[in-house]
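Chain residues, written in single-letter form:
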2 protein chains.
Amino acid sequence: MPIVLAFGGNALSPTSSEDGKDEERAEALAAALLLLLPDDSGLVLVHGNGPQVGNILLRVEETRGRLPVEALDVLVAETQGSIGYLLTRALRNVTQRRQRRVEIAMIGTQVEVDGDDPAFGKPTKPIGPFYTTAEGEKLVVKKGWSMVEVRDRGMRRVVPSPKPRSIIEFHAIADAVRGGSVVVAGGGGGIPVTRNAWGELSGVEAVIDKDRTASLMARSLGAVGFVILTEADGVYDGFGTPEQVRFETLPVSEARRLLAEGKLPAGSMGPKVEAAADYAEAMGQPALITSVERLTDSLDGSAGTWVVP
Amino acid sequence: MPIVLAFGGNALSPTSSEDGKDEERAEALAAALLLLLPDDSGLVLVHGNGPQVGNILLRVEETRGRLPVEALDVLVAETQGSIGYLLTRALRNVTQRRQRRVEIAMIGTQVEVDGDDPAFGKPTKPIGPFYTTAEGEKLVVKKGWSMVEVRDRGMRRVVPSPKPRSIIEFHAIADAVRGGSVVVAGGGGGIPVTRNAWGELSGVEAVIDKDRTASLMARSLGAVGFVILTEADGVYDGFGTPEQVRFETLPVSEARRLLAEGKLPAGSMGPKVEAAADYAEAMGQPALITSVERLTDSLDGSAGTWVVP
């Protein structure tokens, strides 16, 4: 029974990849992740891809009209390839140095979403470059994009963020992790596909929340642990105020109440608490939300927030 | 014991991906590939990535100085992600229609090359955009690139094409294929990495020939069959002349002689015949070189070239 761990694309590449620091960051992260690797069961890593897919989209937009344009599902697939490579290489190097023998692999992952998901009628996830209002309004007409106005920055495309329904490569991932391997899967939340009446898959222009995909992965695999790494070292009551207090434990019922009352920001902590609560409720096991830096302390119970059944 | 099959990136995307025909091509190819899938042993697919990595390089070059630049190893990893997605999705749809149950997955693949490979001293593989002579000469100085002059087209960067030594994710691939799965692996010839004295991996700016990687994969797995799909429907004596004659069978000794005499072009049929001969010699089994269109006929023996021990 493996552990499932989710973390953002920022943990690997907060700014750019030209400074050669990707490798350093990947290895620091890999060293932290190995803390979680049990001796005889496996580990599934679900990474985000925000900064990376943002860079590819910028390139695609800057060369639009001159070079072939690729759809969003294909771009997510590209980031699974590149981030998966940096992560698996870093994990191999860290395990090599510690003389720890473990198989490590990245499995490309499609994730099925419902074509009737209400998210398709209400795109919310901002991606790619900012445009001037004039450019943005042209793109709304020309490409049918949904755009939002961001104060002082301009207009930005928003895409649907439907819920993950099933992990297409589930069996391959489960088989690989069963032998105690580390498997990088569901990267960027997975490549979004829909299924038609005949069971055939098609790519869609959407982005799936990686914490939701990781939670589904943890529940589908029957994972004994589920950890979400983020910038903050836990979930806070009154976050950002002088009175902020970290929840040491957060029962599912309390988590649901906070979510319903809109006390957790939709774009950041909200989906993480929801993903953790879904796992805790379904599996009867606690889920941990913490930062890379406080991971060790959190396993001891002196940091992080444990979402409990 | 699986079958290993290699084919070029052109088979998927000869021109561009904006016309929506990638999916059609991928499904036509997938249907052909399934002809080769035995009922109880697996299939490993090793695809090329020439046109796809070419497009990404064009985008990277057009936005150089404004957006982060990624190294060649990372770009190969991106194409493993995108091509792997198109292929695995197409294979799932084709098997679904035929009600054939088989697991299908893409495993990101690093391939170790020797840092002392003579290819690093003599780059030969052209990649990316064409430049004017003036631009090209500037890049030689500024970036330390090796460039070649291509008649009527301008200057083009050439990178080393070292020989593959080992497949880093070999165990994960072997485990996955053992259960009868279709595994897409070693895409684009694999992500080129070198190993230092401590066993640690680093990416290198190179491209590995995908037919050589496929041959190494077939030998490492003990594959019962090895097939290389290409544009031509076999190996020809006097190719392109009115007297051209297809070799129905080509003994390894004869293949080695043709290679040594330079009778097979280095950029196209040469590496394929070498890859097939290496397999036939090591395994004592014939290897097939043919086109997607003539695959069925070739299995009957009425088309293609069988390189025999």
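Residues numbered from 1 in each chain as written. Chains lettered and ligands numbered in written order. Predicted model: local features only at pLDDT ≥ 70, side-chain atom pairs only at ≥ 80, totals over all residues. Heavy atoms only, no water.

K.L.:
An account of the overall build of chain A is needed here, citing residue identities and associated values.
P.N.:
Counting its secondary structure elements, chain A contains nine helices and 17 strands. Computed over the C-alpha atoms, the radius of gyration of chain A is 19 Å, within 12% of the 19 Å expected from 2.2 N^0.38 for a compact globule of 309 residues. Its C-alpha atoms give chain A principal-axis dimensions of roughly 55 × 45 × 45 Å. Residues counted as buried form 58% of the 309 residues belonging to chain A. Partitioning the contacts of chain A with sequence separation of at least 6, the portion at a separation of at least 24 is 71%. For chain A, the centre of its 33 positive side-chain charges and the centre of its 41 negative side-chain charges are spaced 2 Å apart. (Helix = DSSP H or I, 4+ residues; strand = E, 2+ residues; numbered from the N terminus. Rg over C-alpha atoms; globule rule 2.2 N^0.38 Å. Buried < 20%, exposed > 50% of the residue type's maximum accessible area, 1.4 Å probe, protein only. Contact = heavy atoms within 4.5 Å. Lys, Arg positive; Asp, Glu negative; His and termini not counted. Charge placed at Lys NZ, Arg CZ, Asp CG, Glu CD.)

K.L.:
Describe the domain arrangement of chain A, and please don't skip the residues or the numbers.
P.N.:
Residue and element names in this part refer to chain A. What the domain assignment reports for chain A is domain 1 (3–113 + 163–308) and domain 2 (125–159). Between the C-alpha centres of domain 1 and domain 2 the distance comes to 27 Å. At the interface, eight residues of domain 1 touch nine residues of domain 2. Note on domain 1 versus domain 2: buried area summed over both sides is about 700 Å², and carbon and sulfur give 71% of it. On the domain 1 side of the interface with domain 2, the three residues burying the most area are E61, R64 and V207, jointly 49% of the side's total. At the junction of domain 1 and domain 2, the tally comes to one salt bridge. Here E205 and R157 are joined by a salt bridge, their closest N and O atoms 2.9 Å apart. Where domain 1 touches domain 2, the interface holds two residue pairs in polar contact (both at pLDDT 80 or more). The greatest single-element share of the side of domain 1 that touches domain 2, amounting to three residues, is contributed by helix α2 (residues 50–62). Considering only residue class, the side of domain 1 that touches domain 2 consists of five nonpolar, no polar and three charged. (Domains from an automatic or database assignment. Buried area = accessible area lost by both parts, 1.4 Å probe. Salt bridge = Lys/Arg side-chain N within 4 Å of Asp/Glu carboxyl O. Polar contact = N/O pair within 3.5 Å; in protein donor to acceptor, adjacent residues only side chain to side chain. Nonpolar A, V, L, I, M, F, W, Y, C, P; charged D, E, K, R; others polar.)

K.L.:
How would you explain the interface of chain A and chain B if you had to name every residue and give the values?
P.N.:
Across the contact, 48 residues belong to chain A and 48 residues belong to chain B. When the buried area of chain A at its contact with chain B is split by residue, A:R59, A:P68 and A:Y85 rank highest and sum to 18% of it. At the boundary of chain A and chain B, one finds eight salt bridges. The salt bridge involving B:D73 is made with A:R89; its shortest N-O contact spans 3.7 Å. Viewed at the interface, chain B and chain A are joined by 13 residue pairs in polar contact (both at pLDDT 80 or more). Only α2, α3 (72–97), β3 (104–107), α5 (170–178), β10 (191–195) and β11 (201–203) of chain A provide two or more residues apiece to the side of chain A that touches chain B. Sorting elements by how many residues they give to the side of chain A that touches chain B places α3(A) first, with 13 residues.

K.L.:
Hey, could you go over the environment of B:L258 for me, with residue numbers and the actual values?
P.N.:
Residues and elements named next belong to chain B. Examined against the element boundaries, L258 turns out to sit in helix α7 (residues 252–260). A sequence separation of 15 residues divides L258 from V273, and the C-alpha atoms of the two residues are 9.3 Å apart. Not counting residues within four places of it along the chain, the set of residues in contact with L258 comprises F247, L250, K263 and L264.

K.L.:
Which residues make up the pairing of strand β4 (residues 110–113) of chain B, and what values do they have?
P.N.:
Residues and elements named next belong to chain B. Going residue by residue along β4, you find Q110 and E112 tucked away on one face and V111 and V113 tucked away on the opposite face as well. Pairing between β4 and strand β10 (residues 191–195): three bridges, direction parallel. Residue E112 lies in a different strand from β10, and its bridge partner there is V193. Two elements, β4 and strand β8 (residues 164–167), share three bridges in a ladder whose sense is antiparallel. Directly across from E112, in β8, lies its bridge partner S166. (Pairing = 2+ DSSP bridges.)

K.L.:
Account for the relation of the copies chain A and chain B, with residues named and values stated.
P.N.:
In the superposition of chain A on chain B (RMSD 0.1 Å, axial shift 0.0 Å), the rotation amounts to 180°. Those values place the two copies in the arrangement expected of a two-fold rotation axis. A shared binding surface is used by both copies, with 100% of the interface residues of chain A retained as interface residues in chain B. (Least-squares fit on C-alpha atoms with pLDDT ≥ 70 in both.)

K.L.:
I'd like to hear about empty space enclosed by the protein, residue by residue, with values.
P.N.:
Counted under the stated rule, the structure contains four cavities of 30 Å³ or more. Every residue lining the largest cavity is listed: A:G81, A:G84, A:Y85, A:T88, A:M106, B:A77, B:Q80, B:G108, B:T109, B:Q110, B:E169 and B:I191. Sort the elements by how many residues they give to the lining of the largest cavity and α3(A) lands first, with four residues. Here the residues of the lining of the largest cavity are counted per class, giving four nonpolar, seven polar and one charged. Approximately 50 Å³ is the volume attributed to the second largest cavity. What lines the second largest cavity is A:A77, A:Q80, A:G108, A:Q110, A:E169, A:I191, B:G81, B:G84, B:Y85, B:T88 and B:M106. Elements with a minimum of two residues in the lining of the second largest cavity: α3 of chain A together with α3 (72–97) of chain B. In terms of residue count, the dominant contributor to the lining of the second largest cavity is α3(B) (four residues). Looking at the lining of the second largest cavity, its residues break down into four nonpolar, six polar and one charged. (1 Å grid on protein atoms, 1.4 Å probe; cavity = no way out; pocket = protein on both sides within 12 Å on 5 of 7 lines; lining within 4 Å. Points joined across faces, edges and corners; volume = space filled by probe spheres on them.)

K.L.:
Could you give an account of the packing of aromatic side chains, naming the residues involved and the relevant values?
P.N.:
Residue and element names in this part refer to chain B. If you walk through the whole model with that rule in mind, you get six aromatic pairs over all chains. Judged by centre distance (5.6 Å) and plane angle (50°), the rings of Y236 and F239 are tilted. Among the residues examined, F239 registers a relative accessible area of 58% and is labelled exposed. (Phe/Tyr/Trp six-rings, centres within 6.5 Å; stacked < 30°, edge-to-face > 60°.)

K.L.:
I'd like to hear about the sheet that holds strand β7 (residues 154–159) of chain B, residue by residue, with values.
P.N.:
All names here are of chain B. Pairing is antiparallel in the open sheet, where three strands are placed in the order β5-β7-β6. The open sheet is flanked by β5 (125–131) and β6 (146–150), the only strands paired with a single partner. With strand direction ignored, the average angle separating the axes of adjacent strands in the sheet is 35°. (Axes fitted to C-alpha atoms, helices over the stretch in contact; angles between N-to-C directions.)

K.L.:
Can you break down the sheet that holds strand β8 (residues 164–167) of chain A residue by residue, with the values?
P.N.:
Residues and elements named next belong to chain A. Spatial strand order, β8-β4-β10-β11: four strands in an open sheet with mixed pairing. Both edges of this open sheet fall to β8 and β11, since each of them pairs with a single strand only. Direction aside, neighbouring strands of the sheet carry axes that sit 45° apart on average. The sheet strands contacting α3 are β10 and β11, and the helix crosses β10 at an angle near 135°.

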